Each structure stands twice: as C-alpha cells, then as structure tokens.
Amino acid sequence: MKIIKQLFTFLLIITSTTSFAQNNAETRIDSIMNAYKMIGLSVAVVKKGNIIYTHSFGLKNVSSSTPLSDSDIFRIASISKSFSATAIMQLTEQKKLSLNDDVSKLIGFTVRNPKFPGKVITLKMLMSHTSSLNDSQGYFTLDSINPNKTANWAKCYNDYAPGKGYQYCNLNYNMVGTIIEKISGERFDKYIKAHILDKLGLYGGYEVGALDSSKFTTLYEYDSATQQFTVADGAYNPRTAEINNYMMGYSTPVFSPTGGMKISATDLAKYMTMHAYYGKYKGIRIISKKSAKTMQAPVSDGEGGYGLAIMTADNTLIPGELMKGHTGSAYGLYSIMFFNPKKKFGIVAITNGCNVVYDTGFNPALKAVENILYEEMIQ
C-alpha cells in the first residue's frame, strides 16, 4: 500500500509539473501571437522520439471564426524541399542515380552555365543550392531554363562557377522533383505519397485535389502599408487544367516540389523525427543512416551551413544548441522545423499569417515560439 501511495504521489507531481509547463508555454506564446498579430499557430514538440506536446492557437479562418485544430493542414512552403531530397536519397540507395550525376543527362535538356560551359552541374549542386542557378526567370515551369523553350535561359545562371557559390533557388528543387519523376517512373506527388507519407502513416501531399479541402488552413498575407491581412487565394490552387494536360517528366513544377507539401504540424513532427533518428521512425526505415547524415552535412556556408534541404543552426536558433532543419515562407505562411539529432528533440511551428520584420535568418515570431517551447518542454 505504501509503494502504491508513493507511486501515486510521484505521478501526481509529474502531471502537475507537465501541466504547469504547458500552461506557462501557452501563456507566453499568447503574448508572442499578440505582439506579431498572428492569426493562427500550430505547434508540435518531440522529445526522445515521442511527440510530447501539440497545440493549436488562434484561427484557421477569420471570416468564419473557425478555430485552428491540430489536424488542420498547411501548405508548408520550403520545408517541402526536404521531402524531395529524401526521395532522391531513396533512389540513390537503389542505384538508380548518383548525387554526382550530370543534371543535363537526368532531366533531358542541357543545363550548363554559359559562362562556364565545361563545368558539369550535378544533382548534388541542385540540392545544396550551389548550382549557380537563380530564380530570375521564374520557377513554376521548366520552360524558364530549357534552351529549347526560351531565348532567356542564360539569365537563369549567375556569374560564378557551379559548385563555387551559394544562392538559394526554388528552381533547383522543381528540377529535383522532375528528376525524381523521370528516374522513378512515378508521378512526383504519387511517389512522395507512396514512399514517404504512407510508410510513415502521415496525411498530406502535393496534389490539392487529392486532399480533404475542409482541412486546409486559410493563409493570410499581411500588408504593412494598410496594416491589413488578405486571404492568399493562390495557396491551394488545384491546377486542374495543368494536371489534366500533364506531361510526365516535365510538368512536375505544377506540384511545386520546392514548396507545395500540405501537411499538419503534428504529422510534420513525425516526419522530422525520422530525420532526427537518421532515417527511421517507430521501426520504419525511410532512408539509410548514411543517406540521412549526407542530407544533414553542410555542403556550403549558406544559411549557416546548407546540406541537402537541411540547414544547420548552430547557436543561432536556440542558444547553446546545434539544430538541423528548414524554414518556409509563402502566401503569408511561415513555418519552421528544427531538431537536434544528438539529443533527439525537435520542434515544429507553423503560422498562417503574422506581421514580422526579419532581423536575422529566422522569422522572429517563430524563433521566439521555438525558444519558449524549448525552455518549457525540453530544457
């Protein structure tokens, strides 16, 4: 009886401590939301491989006053790139391609910087943003860089040699998505669903029309001049006409491999945990440990150390912690997914609209949220 009593007391203390931490975190986050005029915010915290906390604050839709819930999904923007990189690592493990392959041979048209025509642009260069490409001609169609389709293709290249500089470029990853499609023989969105999402038991995807639209979180863009939010109507464009006329191995940017994943914060946290555990989640291996470490290893100094769709934030996101992950911003949305592969914790935070002014490489509102959750739930 004495042992049972002690156990009950211990559990009561643990429960009380956890509740206090959660209440404290939520009070502090409410203050951050007010300061940055956040419309909605969804968060998830992982510790030792398990999700220990999820919560959604604010609104999913302003006009209907619909509260945001943990099951609602967002277009997460550039965190999407890591799904494409993960798929490439699967294909390299199957010996279907190599990170050192010439992009021209993989994609089916010439990809060469005209200022350095003898320098091969490799798949690894695309994935690490060291390809010397830029987004000046747009990135929602491969026509912008295909010499057979446009006379302005040379403008897509910078003045430095491939592999010798860093510039973040969305076109890189829409090309990566196209290569996944050409090499696998599966349409890009279907490949990601079958080989990553379904294996991990996650709800989400790149094709808008294949998802439950009632789960879409409305995104809001903030106009600093008018100090008003407006609905970003293009965020969930189904691109029906383009998909109906889809050309395998070329139309891939329709799905935006560079930024088009739709998923909840909770499910994104599960995916993040897979990377924190070097390619494995709850007994399910998605990529090898070697592949996961390759993705996380910095290739350039850009973004604090950019690998293959994984950034390094050493003491710059959370003081004293070396974090790995990615951020995203588009259509008014801001997202952040960072984990510590050594200590096995991670935090996801996504907002569907806020008023921010950048002073560092991170959205200050989401950086504050990350630190609050770290201090209250992890530290």
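1. Considering the confidence of the model for the protein chain
- With 95% of its residues at a pLDDT of at least 70, the protein chain reaches an overall mean of 95.
- Across residues 10–14, confidence stays below pLDDT 50; counting only partners more than four residues off in sequence or on other chains, it has zero contacts.

2. So, unusual backbone geometry
- Even without glycine at this site, glutamine 227 takes up a positive phi of about 55°.
- When you line up the elements, glutamine 227 lands in the loop between strand 6 (220–223) and strand 7 (228–231).
- Looking at glutamine 227, the relative accessible area reads 52%, which means it is exposed.
- You will see that asparagine 315, though not glycine, has its phi angle at about 70°, which is positive.
- Along the polypeptide, asparagine 315 turns up in the loop between strand 11 (311–314) and strand 12 (322–330).
- Taking relative accessible area as the criterion, asparagine 315 reaches 47% and is therefore assigned partly exposed.

3. Regarding the sheet that holds strand 2 (residues 50–61)
- Within the open sheet, the seven strands sit side by side as 3-2-1-14-13-12-11. Their pairing is antiparallel. Bordering the open sheet on either side are strand 3 (66–67) and strand 11, each of which pairs with just one other strand.
- In this sheet, strand 2 lies alongside strand 1 (residues 40–47) in antiparallel orientation, the contact comprising eight bridges. In the sheet register, alanine 44 faces strand 2, and the bridge partner there is threonine 54.

4. Description of the pairing of strand 13 (residues 333–340)
- The element strand 13 is extensively covered by neighbouring structure, given that eight of its eight residues are classed as buried.
- Residue alternation in strand 13 divides its side chains into two sets, Leu333, Ser335, Met337 and Phe339 and Tyr334, Ile336, Phe338 and Asn340, and both sets are buried.
- Where strand 12 lies against strand 13, seven bridges are found, and the strand directions are antiparallel. Its bridge partner lying in strand 13, alanine 330 is registered against leucine 333.
- Joining the antiparallel neighbours strand 12 and strand 13 is a turn of two residues, in which tyrosine 331 adopts a positive phi near 55°.
- Across seven bridges, strand 13 lies against strand 14 (residues 345–351) in antiparallel orientation. When the bridges of strand 14 are listed, serine 335 appears paired with isoleucine 350.
- Remark: four residues form the turn of the hairpin made by strand 13 and strand 14, two consecutive strands paired antiparallel; lysine 344 in that turn has positive phi of roughly 60°.

5. Observations regarding the pattern of salt bridges
- Here the structure, examined in full by the defined rule, presents eleven salt bridges.
- When the shortest N-O distance is used, the salt bridge between aspartate 72 and lysine 60 registers 3.0 Å. Residue aspartate 72 is found in the loop between strand 3 and strand 4 (74–75), and its partner lysine 60 is found in strand 2; the two are separated by twelve residues along the sequence. Lysine 60 matches aspartate 72 in its accessibility class, with the two residues each being buried.
- The salt bridge involving lysine 343 is made with glutamate 321; its shortest N-O contact spans 3.0 Å. Of this pair, lysine 343 sits in the loop between strand 13 and strand 14 while glutamate 321 sits in the loop between strand 11 and strand 12, and the two are 22 residues apart along the sequence.
- Of the residues examined, glutamate 321 reaches a relative accessible area of 4% and is grouped as buried.
- Taken together, the shared-partner salt bridges in this structure form one network comprising Arg28, Glu375 and Glu376.

6. Here's the deal with the nonpolar core
- Grouped together as the largest cluster of nonpolar side chains are 114 residues, with contacts concentrated most on Leu41, Phe83, Met127, Met175, Ile192, Leu268 and Leu373.
- For phenylalanine 83, the contacting residues outside a window of four places in its chain are Ile76, Ile192, Ile196, Leu197, Tyr206, Met261, Ile263, Leu268 and Tyr271.

7. With respect to helix 5 (residues 170–184)
- Counted at 1.5 Å a residue, the expected span for helix 5 with its 15 residues is 21 Å, and the 22 Å between its end C-alpha atoms agrees.
- Most of helix 5 sits out of view: 13 of its 15 residues are buried.
- Of the residues trailing helix 5, glycine 185 is marked for its positive phi of about 80°.

8. Regarding helix 2 (residues 81–93)
- Between the first and last C-alpha of helix 2 there are 19 Å, a value that for 13 residues agrees with the 18 Å anticipated at 1.5 Å per step.
- By the criterion of burial, helix 2 is predominantly enclosed, with twelve of the 13 residues buried.
- Of the positions making up helix 2, those classed as buried are Lys81, Ser82, Phe83, Ser84, Ala85, Thr86, Ala87, Ile88, Met89, Gln90, Leu91 and Thr92.

9. Notes on the side chain of serine 80
- Mapped onto the secondary structure, serine 80 falls in the loop between strand 4 and helix 2.
- For serine 80, a relative accessible area of 0% corresponds to the buried category.

10. Details of the packing of helix 2 against helix 9 (residues 289–296)
- Two elements in contact, helix 2 and helix 9, have axes separated by 10 Å at closest approach and are oriented at 140°. In terms of axis orientation, helix 2 runs oblique to helix 9. The interaxial crossing formed by helix 2 with helix 9 has right-handed handedness. Packed against helix 2, whose contacting residues are Ser82, Ala85, Thr86, Met89 and Glu93, the element helix 9 presents Ser291, Thr294 and Met295 at the interface.
- In terms of residue class, the contact of helix 2 with helix 9 is made up of three nonpolar, four polar and one charged.

Definitions and limits used
- Residues numbered from 1 in each chain as written.
- Predicted model: local features only at pLDDT ≥ 70, side-chain atom pairs only at ≥ 80, totals over all residues.
- Heavy atoms only, no water.
- pLDDT = per-residue confidence, 0-100.
- Contact = heavy atoms within 4.5 Å.
- Helix = DSSP H or I, 4+ residues; strand = E, 2+ residues; numbered from the N terminus.
- Buried < 20%, exposed > 50% of the residue type's maximum accessible area, 1.4 Å probe, protein only.
- Pairing = 2+ DSSP bridges.
- Salt bridge = Lys/Arg side-chain N within 4 Å of Asp/Glu carboxyl O.
- Core = buried A, V, L, I, M, F, W, Y, C linked by side-chain atoms within 4.5 Å.
- Expected span 1.5 Å × (residues − 1).
- Axes fitted to C-alpha atoms, helices over the stretch in contact; angles between N-to-C directions.
- Parallel < 35°, antiparallel > 145°, perpendicular 65-115°, else oblique.
- Left-handed = near helix turned anticlockwise from the far one by under 90°.
- Nonpolar A, V, L, I, M, F, W, Y, C, P; charged D, E, K, R; others polar.

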